[in-house]
Amino acid sequence: QVKLVESGGGLVQAGGSLRLSCAASGRTSGSFPMGWFRQAPGKEREFVASISWSGDITYYADSVKGRFTISRDNAENTLYLQMNSLKPEDTAVYYCARSRNTWTIRTDTKSYNQWGLGTQVTVSS
């Protein structure tokens, strides 16, 4: 088991920025892709971004492409999500997750089996 703890959420005005972090502890060995997802009230959890273990391959949801950047520091067992030009529709609980396997980078929630408890991001208009 790996424990994932998100931080960095908060309240920000539209157009502002936030940087989310996800610290991993426990069984952190292995070359697992990681991802960020979000869930707004009354909506299903949706994919935001994912990254390979080496960091050289990334995927983004169309809604965040060009505004959000996913990165990782494997030496520190930490995953990041830099969020710029935030919009009210970005308001959600943001979760980090670890992939079930090491050989594919997926964008669906079922491909991830280790999840954090989430951090709230609220963007005011």
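An account of the accompanying structure is given in this report. Keep in mind that what you see is a predicted model, and the values were worked out from it rather than measured.

Counted according to the given criterion, the structure contains one disulfide. Here Cys22 connects covalently by a disulfide to Cys96, the sulfurs 2.0 Å from one another. Disulfide Cys22-Cys96: torsion about the S-S bond near 50°, hence right-handed. One end of the pair, Cys22, is in strand β3 (residues 18–26); the other, Cys96, is in strand β9 (residues 92–99), and 74 residues separate them in sequence. We note that Cys22, like Cys96, is buried.

Attention now goes to the pattern of salt bridges. Under the defined criterion, the tally for this structure stands at five salt bridges. Ionic pairing is found between Arg38 and Glu46, a salt bridge with its closest N-O pair at 2.6 Å. Take Arg38: its relative accessible area is 6%, and that puts it in the buried class. On the accessibility criterion, Glu46 (37% relative accessible area) is partly exposed. For Arg38, the salt bridge is made with Asp90, and the minimal N-O distance between the two is 2.9 Å.

Bringing the pairing of strand β7 (residues 68–73) into the picture now. Burial along β7 is one-sided: Phe68, Ile70 and Arg72 are buried, and none of Thr69, Ser71 and Asp73, which face the opposite way, are. The pairing of β7 with strand β8 (residues 78–83) spans six bridges and is antiparallel. Across the sheet, residue Asp73 finds its bridge partner in β8, namely Thr78. Once β7 ends, the chain turns through four residues before running back antiparallel as β8, passing Asn77 with a positive phi of about 50°.

How each quantity is defined
- Residues numbered from 1 in each chain as written.
- Predicted model: local features only at pLDDT ≥ 70, side-chain atom pairs only at ≥ 80, totals over all residues.
- Heavy atoms only, no water.
- Disulfide = S-S within 2.5 Å.
- Helix = DSSP H or I, 4+ residues; strand = E, 2+ residues; numbered from the N terminus.
- Buried < 20%, exposed > 50% of the residue type's maximum accessible area, 1.4 Å probe, protein only.
- Salt bridge = Lys/Arg side-chain N within 4 Å of Asp/Glu carboxyl O.
- Pairing = 2+ DSSP bridges.

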